[in-house]
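Read off the chains here:
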Protein chains: 2
Amino acid sequence: MSENKIPYKIYLSEDEMPKTWYNLRADMKNKPAPLLNPGTLQPMTAAELEGVFCRELVQQELDGDTPFFEIPQEIRDFYKMYRPSPLVRAYCLEEKLQTPAHIYYKFEGNNTSGSHKLNSAIAQAYYAKKQGLKGVTTETGAGQWGTALSMACGYLGLDCKVYMVKCSYEQKPFRREVMKVYGASVTASPSETTEVGKKILAEFPGTTGSLGCAISEAVEAAVSREGYRYVLGSVLNQVLLHQSIIGLEAKTALDKYGVKPDIVIGCAGGGSNLGGLIAPFMGEKLRGERDYRFIAVEPASCPSLTRGEYRYDFCDTGMVCPLAKMYTLGSGFIPSADHAGGLRFHGMSSILSQLYADGLMEAVSVRQTDVFEAAEYFARVEGILPAPESSHAILAAINEAKRCKETGEEKTILFGLTGTGYFDLVAYEKFHSGEMKNVVPTDEDIARSLAQLPKVD
Amino acid sequence: MSENKIPYKIYLSEDEMPKTWYNLRADMKNKPAPLLNPGTLQPMTAAELEGVFCRELVQQELDGDTPFFEIPQEIRDFYKMYRPSPLVRAYCLEEKLQTPAHIYYKFEGNNTSGSHKLNSAIAQAYYAKKQGLKGVTTETGAGQWGTALSMACGYLGLDCKVYMVKCSYEQKPFRREVMKVYGASVTASPSETTEVGKKILAEFPGTTGSLGCAISEAVEAAVSREGYRYVLGSVLNQVLLHQSIIGLEAKTALDKYGVKPDIVIGCAGGGSNLGGLIAPFMGEKLRGERDYRFIAVEPASCPSLTRGEYRYDFCDTGMVCPLAKMYTLGSGFIPSADHAGGLRFHGMSSILSQLYADGLMEAVSVRQTDVFEAAEYFARVEGILPAPESSHAILAAINEAKRCKETGEEKTILFGLTGTGYFDLVAYEKFHSGEMKNVVPTDEDIARSLAQLPKVD
């Protein structure tokens, strides 16, 4: 059997690493809807976007036709410091589950940011530097994106201002400290450093902040300063473009051994990892070359695909950012205090939303305690302590593998292991002590949140 | 230039991974001195050691002649989950330093234990399992060893009891929590679970514990239980044998590209990493095949090689363990509250001590704040957040590279990057805030500690 020749970990050589990103939109018949200007409700123009984002990133954001974008040599050199990431054959997990399924995972956690976020952070920082900017601003909730951007900026000598949601700032001092090691300035949001921050603090003196508020502060900090732009770690088309490196590497590695996955699984918050992982496989499906099942896994506490509505909505709670057409729970939706901070976004990337609307992708939602049970099981069997976000995909992959055991089908499953859980041990502790709860929104919660949105379509 | 062909990271294929460990003692003309029974002061016999350690590990401990030990298939399979570890060419660091030196590092941090300790943990757990034991006990200070052993035992389904120094237990709740994820029971030491623990608590009610006390508790917990043995993560010959995988992989990777290091550098606490990294290179030197410079880097706060005495001493503070002949500061020596917990052992492995006594290896000691400065510099340039322990080697490597810049010599430097600093951010924070101190023992401190030792030689 050729299977015996497949190593535990497939590493590409540096020559085999992708030299281009793949723009999935180029193969989509139904393109994702454009971003709208929150004032005029007209599609955002390049000129409008360039006030907030770097020039080349705006081009990538708006370009739905060019299938491949060359990865600049400087970014490829940076990628070589922590990529190619391993494609792992989960032999131990297969044996433990006694499943006929073959399970592979693309592991993106072997870098100091601890997740796939670095793939887009270095690209966005690079274009900012190339444009001659002084620095960038951003927000971070769980902290993965802020850490990744700090690393990229530290490497390029670019100033980096991170607005960190206050409750995370206080609960995750280590995340904050890593960013400082890389030279970033980290501000608890809301803060007195912006007008919007001051306003919120005056209105809600004791608030511990929210992602929506941190976005508003970061945007203000960028547009009110000479030589700064705002950057974002998920949702946007440009981010999915950069993250296609995940899927391209995975596909090249599998192709080397003649392996074709039947099912591709990823966790889904804003969509950066899932969109990147599935990109080249979905491209084949869109071009009619091969069929795959794609499964987006989201938390039951924040189920934008499975229980949201497909419509235009703001990307931020403050309703100052452009509107995107997406599956959304409403920009005012506040998910329960879940421990998968990276999946607590109210909407889903426009690209993934369109694919889901077109029936090209499935979605499931899973309960937090089940996720942590899968996480711990995986840690003991495969050795890696997974991030709570990544563990959503682990749970779905295990469920599919168990189904194969029942049916006797020898399916090939590929999932994205986006990151490590070293900074999530408070959550693991809550799971162990039995304190972890599963709080799921009611239909009324979601309806109430959606009812507050302006009608655009 | 052939140099251009050397990738950023050299990964061996699974076929190229070592199938045997290398026993450096076999090539040493002056063998390391044997362990002595603390009661009789006679060399420990296999029978005596087997009361505390697993049978096969005792054989490895006592065998100074067999050059190679086959790595059992089960251990090789486990190694494949996180090995081969990358050998990294530090192109970015070289460029930043503007040095003609070529710098390589063997990175052992890409596994959940975060360090090289897993290499010996899985071996020791495997032999315990093979002997039909129920479980193992150990102590942990900084927590790397305890985490590694928990992972290995979790994988093999072996019970694992970790005695964690109480101040670490309280200061590092995340380390403790990782061990629990892997199913280990973690007890703050001193505890009421052992006689020696009770005695210490009665005598010093408010004590926050010490490594020496935790060792005593772990040993008692093993010998007082049916089906348990004690395991240790450094110092012992068997540990250096297992850790030779580091050096063997590094040498194979360099040999593939025809690269020969001029200088090999490692941090040195008990000696597990340094002994493993240098093993095959030192073997060549001992056999007269090639010359190398070897540099052990230790903290100025715990300078066993550079300021200690070469003599018999106890391995534990409680003076119940066997005596080893080693460079030591005295088993009663208490280093200042340094943040490189893994390097705070009072003595050095007998193998490395003998090599140092024979002039085959150099040693330097470095100050804590200089270490953290190098750590942060390295993090920004090479992307990896290093452990404080590992950063001792980084600092020495940077110093050697700077020397090359002055002299114009194109030397090849290899150092061991033993682990990551994700659980050491309290230390980084202290460094940033300027609170970090350099406390170095006086000559009187060391003399006083050594004066308390029994005369054996």
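Residues numbered from 1 in each chain as written. Chains lettered and ligands numbered in written order. Predicted model: local features only at pLDDT ≥ 70, side-chain atom pairs only at ≥ 80, totals over all residues. Heavy atoms only, no water.

1. Some thoughts on the interface of chain B and chain A
And then number 1: In this assembly, 41 residues from chain B lie in contact with 41 residues from chain A.
And then number 2: For the pair chain B and chain A, the summed buried area comes to about 3900 Å², and 61% of that belongs to carbon and sulfur atoms.
And then number 3: Between chain B and chain A we count 2 salt bridges in total.
And then number 4: Between E429 of chain A and R176 of chain B there is a salt bridge, and its shortest N-O distance comes to 3.5 Å.
And then number 5: Counting the contacts that link chain B with chain A gives 21 residue pairs in polar contact (both at pLDDT 80 or more).
And then number 6: Secondary-structure elements contributing two or more residues to the side of chain B that touches chain A are α3 (73–82), α6 (144–156), α8 (173–181), α15 (368–382) and α17 (425–433) of chain B.
And then number 7: Per element, the largest residue contribution to the side of chain B that touches chain A is 6 residues, and it comes from α8 of chain B.
And then number 8: For the side of chain B that touches chain A, a count of residues per class yields 22 nonpolar, 7 polar and 12 charged. (Contact = heavy atoms within 4.5 Å. Buried area = accessible area lost by both parts, 1.4 Å probe. Salt bridge = Lys/Arg side-chain N within 4 Å of Asp/Glu carboxyl O. Polar contact = N/O pair within 3.5 Å; in protein donor to acceptor, adjacent residues only side chain to side chain. Helix = DSSP H or I, 4+ residues; strand = E, 2+ residues; numbered from the N terminus. Nonpolar A, V, L, I, M, F, W, Y, C, P; charged D, E, K, R; others polar.)

2. Examining the relation of the copies chain B and chain A
And then number 1: With an axial shift of 0.0 Å and an RMSD of 0.0 Å, the rotation relating chain B to chain A amounts to 180°. Such values leave the two copies arranged in the relation of a two-fold axis. Minimal C-alpha distance to the rotation axis in chain B is attained by N110 of chain B, lying at 3.1 Å.
And then number 2: In this assembly, 100% of the residues forming the interface of chain B have copies in chain A that are likewise at the interface, indicating an isologous arrangement. (Least-squares fit on C-alpha atoms with pLDDT ≥ 70 in both.)

3. Here's the deal with the state of the cysteines
Covalently bonding the sulfur atom of one cysteine to the sulfur atom of another cysteine gives a disulfide.
Residue and element names in this part refer to chain B.
And then number 1: On inspection of all chains with the given rule, the structure shows 0 disulfides over all chains.
And then number 2: Not engaged in a disulfide, the cysteine C160 finds its nearest cysteine sulfur in C153; these two sulfurs lie 4.1 Å apart.
And then number 3: Of all cysteine sulfurs, the one in C321 lies closest to C315, which takes part in no disulfide; the gap is 6.5 Å.
And then number 4: Judged by relative accessible area, which is 11%, C315 ranks as buried. (Disulfide = S-S within 2.5 Å. Buried < 20%, exposed > 50% of the residue type's maximum accessible area, 1.4 Å probe, protein only.)

4. Quick word on the packing of aromatic side chains
All names here are of chain A.
And then number 1: In this structure the tally under the stated criterion is 37 aromatic pairs over all chains.
And then number 2: Ring geometry for Y126 versus Y127: centroids 5.2 Å apart, planes at 70°, classification edge-to-face.
And then number 3: Grouped by ring-pair contacts, the aromatic residues F78, Y79, Y82 and Y155 constitute a single cluster.
And then number 4: In this structure, R225 packs its charged tip against the face of Y228, placed 5.8 Å from the ring centre. (Phe/Tyr/Trp six-rings, centres within 6.5 Å; stacked < 30°, edge-to-face > 60°. Lys NZ or Arg CZ within 6 Å of the ring centre and 35° of its normal.)

5. Considerations on unusual backbone geometry
All names here are of chain A.
And then number 1: A cis amide bond, omega -10°, links R83 with the succeeding residue P84.
And then number 2: Secondary-structure assignment places P84 in the loop between α3 (73–82) and β4 (87–89).
And then number 3: Residue P190 is reached from S189 by a cis peptide bond, and omega for that bond is 5°.
And then number 4: Looking at the secondary structure, you find P190 in the loop between β8 (185–189) and α9 (195–203).
And then number 5: Unusually for a residue other than glycine, V235 sits at a positive phi of about 65°.
And then number 6: By the secondary structure assignment, V235 is in the loop between β9 (228–230) and α11 (237–256).

6. Describing the side chain of E94 of chain A
Residues and elements named next belong to chain A.
And then number 1: Checked against the element boundaries, E94 lands in helix α4 (residues 91–97).
And then number 2: There is a polar contact of 2.7 Å between the side chain of E94 and the backbone nitrogen of I103.
And then number 3: Non-local contacts of E94, meaning those with residues more than four positions away in its chain, are made with R89, T99, A101, H102 and I103.

7. Let's talk about the nonpolar core
And then number 1: By size, the foremost hydrophobic cluster in this structure holds 246 residues, and its most contacted members are W21, I265 and F415 of chain A together with W21, I265, M361 and F415 of chain B.
And then number 2: In this structure, M361 of chain B is in contact with L274, I278, M282, F294, A296, L305, L352, L355 and Y356 of chain B, ignoring residues within four places of it in sequence. (Core = buried A, V, L, I, M, F, W, Y, C linked by side-chain atoms within 4.5 Å.)

8. Here we look at the sheet that holds strand β7 (residues 159–165) of chain B
Residue and element names in this part refer to chain B.
And then number 1: With parallel pairing, 4 strands are arranged side by side in an open sheet as β8-β7-β6-β9. Edge positions in the sheet fall to β8 (185–189) and β9 (228–230), since each of these pairs with one other strand and no more. Across this sheet, the average inter-strand angle for adjacent strands is 25°, counted without regard to direction.
And then number 2: The pairing of strand β6 (residues 135–140) with β7 spans 6 bridges and is classified as parallel. Across the sheet, residue G135 finds its bridge partner in β7, namely D159. (Pairing = 2+ DSSP bridges. Axes fitted to C-alpha atoms, helices over the stretch in contact; angles between N-to-C directions.)

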